[in-house]
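Fold and geometry: a report
For reference, the chains in residue letters:
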Amino acid sequence: MEYLGLSKDGYVVIFCTLRAADALEKHLAPGSHRCVSSQDIGLPIGVRALAVKRTALRKAIPLETGGGTARLVSAGWVIWAPAPARFEPGTPAIVNVIAFAKALQLVRSKGEDAFRAAAADATTADCIVRHDVLDGYSGRELLGELRRTLIGRDVSVPTEQGARPYVNLDNGASTPTFEPMWSAVCQTWRQPQNVQRALIPAVRSVVADVLGAPLSAYDVIFVSNTTEAINLVAESLRNESEPGVEAVVINTLLEHNSNELPWRTISGASPIRLSIDAEGFIDPSELDTILSEYNERGQHGGQRVRLVAVSGASNVLGTCNDMDEIVRIAHRYGARVLVDGAQLVAHRRVDIERSGIDFFAFSAHKAYAPFGAGALVARKGLLGFSPADLEVIRSSGEENAVGIAALGKALFLLHRIGFDVIQDEERLLTEQALRGMAQVPGLTVFGISDPDSPGLADKTGVIPFNLKGVISHTVARELAERVGIGVRSGCHCAHLTVKHLLAVRPWVRQLQGVIVALLPRVELPGVVRVSLGIENTGEDVDTLIRVLEGIATQRGISADGSSASVPDAMPATSQQDVRKQMDDSAEAAAQRVYAQSSRHTVTS
C-alpha cells in the first residue's frame, strides 16, 4: 500500500502469480486496481501484488478454489472467505511475499535498479541443485547432519515457563527448511538470468528422477502450490467437454478442500465421494462398483466418470490408500487418476510411472522448501490446453526461480537420505506418540490409534485427536502457551473429513453455516492435529505427551474420561501476560524485517 500510495481503508492486496493476476484483472473494472510485480524490480520470486478497491471484490467469486478460499464447506454449499483469502488459493508464497515487501522498501530508498546490479560470480544450475556442504553424507548420517542445519533451530518463543525453544509439530501445514535449501535460494537470486533459466530443466530432471516420472512420458509443470496444480487439471477437464456427456469426478471423504472444491465449482462436471472406514481407508470394491455403473453399464444416462481424484495421504488422518489398486481399477473403466501428493511426497517413496498415475500434484512448502513453488506432473498429451495457453501456464510458474531451486534441492536431499529411512523414522515417532497418547485421560485419537495396528504401515506421522471437554483450539493454544509447541486445530481445510470424524449431524451442519455467516469469528468444533517431520525427535514427542497429561490433570479428567471442574493452572492475568508476550514477539520479528534503518543494504 505504501509503495503504491494507496489507502489501506479503500484497498486490499492480493498476492498471486502472473497467470492468476491476469485472470483476476480481466474480471475487474478499469481503474479499480493496481499491480506491482517482483519481475518489475528484478527479483525471480514469482510474486504479483494486486491492490484492488474493496468495493470491486464484494460480490466476486474465486476463479480458483481450494485451501483458504472458503470459510466453511458442507456437502452441498460453501461459505467463501473474505478478500484477500478468497482469491489466494492454497498457501501463498509467504517467504517470497515477505521478501518482496522488503524489496519494495529498498527500491524506494535505493532506486529502481537496486536489484539489477551485477550478479555474483556465476555458478551452474547443477551445482546449486546437486551440491552442497553435505555432499559427503547419505542415509541416516545425512539426516542427522541435515537436522543440525534447521533454520530457526535457535529461535526461542515466550511461554508460561519463560523463553523456550519452539517445537514444531505442525509439518502438515508447512514444513520448516534447512540451510542447503536456503543457500540454493540465496545463490539463485544472485545469478544471471541464463543460470536462473537453466535451473528450470535441471530441477525438472530432479523431479522426474525422484518421483519416477520419466520426461519422455510425463510433463513437469511448475506452479505455485498443489491447489493451483489441481485447479489446472479441473480447468483441463472442463476444456475437454463433449456433447451429450456429463463428466463425473470421483473423490473421497478424505480430501482437502483443494481436491474437493474444484470438482464442484467447474462447469460441466459433478463429484461423487467414496466413503471411508474407521481408520480412514476407502473400499476399492466401492470404486469398482461406481465405475462399472457409470462407464460400463451406462446406468446414469450420459454421465461418465472421467477422473478419480484422491489424496495420496490424508492431511487429517495420515492414511495412505493403495494408489496401485486405485489406478488399476480406474484405468480398467477408462478413467484417469489424479493424486493429491501434498502430504505424500516428503514422507513416502513415489513412483508415478510404475503406479500408472496420470496426474500428480504437490507443493514444495510441505517438502522443506517453503518458497512458493510446486509442480504438476502430467502424462504427456492429457492436459486439455492449447500450446499458447500451456506456454502461459509454464511461464507463470517459472518466474519463481528461487522456489524451483529450493524444491529441487529438497527433493534431491530427501532422495539421498532415502524414503525408507524417512518412513522408518516417522513410524517410530508415530508409535511413540500413540503409546503416550493412550495414557492421557480423556484423549481420543481418530483413525488409527493402535501403535500395533497393521494399518500403521500405511500411515504418515499425522495424528488427529481431541481431549474430552476441551475444544481443539484451546488445546492447541495451551500447548503453545505452556511450552512453545506448535500444532494445528480446527478443520484443516478438510471440512467434510472432520465433520465425518466428529459425526456432525446434518441439521448441525446447517446451523454451523448460519453461525459462521452471522458470527465470522466464532470457533467451530474441530480436531487437534500433530504432524511429524524429519526435524522431529523422540524428545519432542515426550514433551507433547507430558504437556497433554498436564492439561488433562489440570481439568480433573480421570482415566474413565470423566471430568471435574478444576481452576486453570494460570490465573487469567498470567494467561493474558503470556499472550501479550507472544504478540509482542511476533511484532518484534516483523519490525526486524521491515523497520527502516541505515543498517539495511541491498547486499545484506
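Residues numbered from 1 in each chain as written. Predicted model: local features only at pLDDT ≥ 70, side-chain atom pairs only at ≥ 80, totals over all residues. Heavy atoms only, no water.

On to helix α14 (residues 419-437). Taking 1.5 Å as the rise per residue, α14 with 19 residues should run 27 Å; its terminal C-alpha atoms sit 26 Å apart, in good agreement. Inspection of α14 places Phe419, Val421, Ile422, Glu426, Leu429, Thr430, Glu431, Ala433, Leu434, Gly436 and Met437 among the buried residues, and these make up the whole buried set. (Helix = DSSP H or I, 4+ residues; strand = E, 2+ residues; numbered from the N terminus. Expected span 1.5 Å × (residues − 1). Buried < 20%, exposed > 50% of the residue type's maximum accessible area, 1.4 Å probe, protein only.)

By secondary structure assignment, the location of Asn257 is in the loop between β10 (246-252) and α8 (261-265). For Asn257, the residues in contact, after removing those within four places along its chain, are Gly66, Gly67, Val73, Pro262, Cys493, Ala494 and His495. (Contact = heavy atoms within 4.5 Å.)

Relative orientation and spacing of two packed helices are given, respectively, by the angle between their axes and the distance between those axes. In contact at an axis separation of 8 Å, helix α5 (residues 179-188) and helix α13 (residues 401-417) are set at 150° when each is read in the N-to-C sense. Between α5 and α13, the angle falls in the class roughly antiparallel. Between α5 and α13 lies a crossing of right-handed hand. In this structure, α5 contributes Pro180, Met181, Ala184, Val185 and Thr188 to the contact, and α13 contributes Ala401, Val402, Ala405, Ala406, Lys409, Ala410 and Leu413. Of the residues contributing to the contact of α5 with α13, the split by class is 10 nonpolar, 1 polar and 1 charged. (Axes fitted to C-alpha atoms, helices over the stretch in contact; angles between N-to-C directions. Parallel < 35°, antiparallel > 145°, perpendicular 65-115°, else oblique. Left-handed = near helix turned anticlockwise from the far one by under 90°. Nonpolar A, V, L, I, M, F, W, Y, C, P; charged D, E, K, R; others polar.)

Over the atoms a probe the size of a water molecule is rolled, and this reveals where empty space is left. Counting across every chain of the model gives 5 cavities of 30 Å³ or more. A volume near 280 Å³ is recorded for the largest cavity. Together, 25 residues line the largest cavity, and Phe15, Cys16, Thr17, Ser224 and Asn225 are the ones closest to its centre. Broken down by secondary-structure element, the contributors of at least two residues to the lining of the largest cavity are β1 (11-16) and α12 (387-398). When the residues that make up the lining of the largest cavity are grouped by side-chain class, the tally is 13 nonpolar, 9 polar and 3 charged. (1 Å grid on protein atoms, 1.4 Å probe; cavity = no way out; pocket = protein on both sides within 12 Å on 5 of 7 lines; lining within 4 Å. Points joined across faces, edges and corners; volume = space filled by probe spheres on them.)

Backbone hydrogen bonds are what pair the strands of a sheet, in a parallel or an antiparallel way. An order of β9-β15-β14-β13-β12-β10-β11 is seen for the 7 strands of this open sheet, with the pairing classed as mixed. The sheet is open, and its two edges are formed by β9 (218-223) and β11 (269-274), each paired on a single side. Each neighbouring strand pair of the sheet contributes to a mean axis angle of 20°, computed without reference to strand direction. The pairing of strand β14 (residues 359-363) with strand β15 (residues 374-379) spans 5 bridges and is antiparallel. Note that in β15 the partner of Phe359 across the bridge is Ala378. The strands touched by helix α7 (residues 226-239) are β9, β10, β11, β12 (303-311), β13 (336-340), β14 and β15; relative to β14, the strand with the most contacts, the crossing angle is about 150°. Here helix α9 (residues 284-296) sits on the sheet in contact with β10, β11 and β12, set at roughly 155° to β12. (Pairing = 2+ DSSP bridges.)

What follows deals with the nonpolar core. In this structure, Val308, Phe360 and Phe362 are the most contacted members of the largest nonpolar core, which totals 112 residues. With 11 residues, the single largest contributor to this core is α13. Ignoring sequence-local partners within four residues, the contact set of Phe360 consists of Leu211, Val339, Gly341, Leu344, Val345, Val350, Ile352, Ala375, Leu376 and Val377. (Core = buried A, V, L, I, M, F, W, Y, C linked by side-chain atoms within 4.5 Å.)

Before going further, it helps to spend a moment on the sheet that holds strand β17 (residues 462-467). Read from one edge of the open sheet, 4 strands run β16-β17-β20-β19, paired in antiparallel fashion. Two strands lie at the open edges of the sheet, namely β16 (443-445) and β19 (488-490), each paired on one side alone. Going across the sheet, the axis of each strand differs from the next one's by a mean of 30°, ignoring polarity. When β19 meets strand β20 (residues 527-531), the two strands line up antiparallel, connected through 3 bridges. Residue pairing for β20: Arg488 is matched across the bridge by Arg529. Packing of α14 onto the sheet brings it into contact with β16, β17 and β20, and relative to β17 it is tilted by some 10°.

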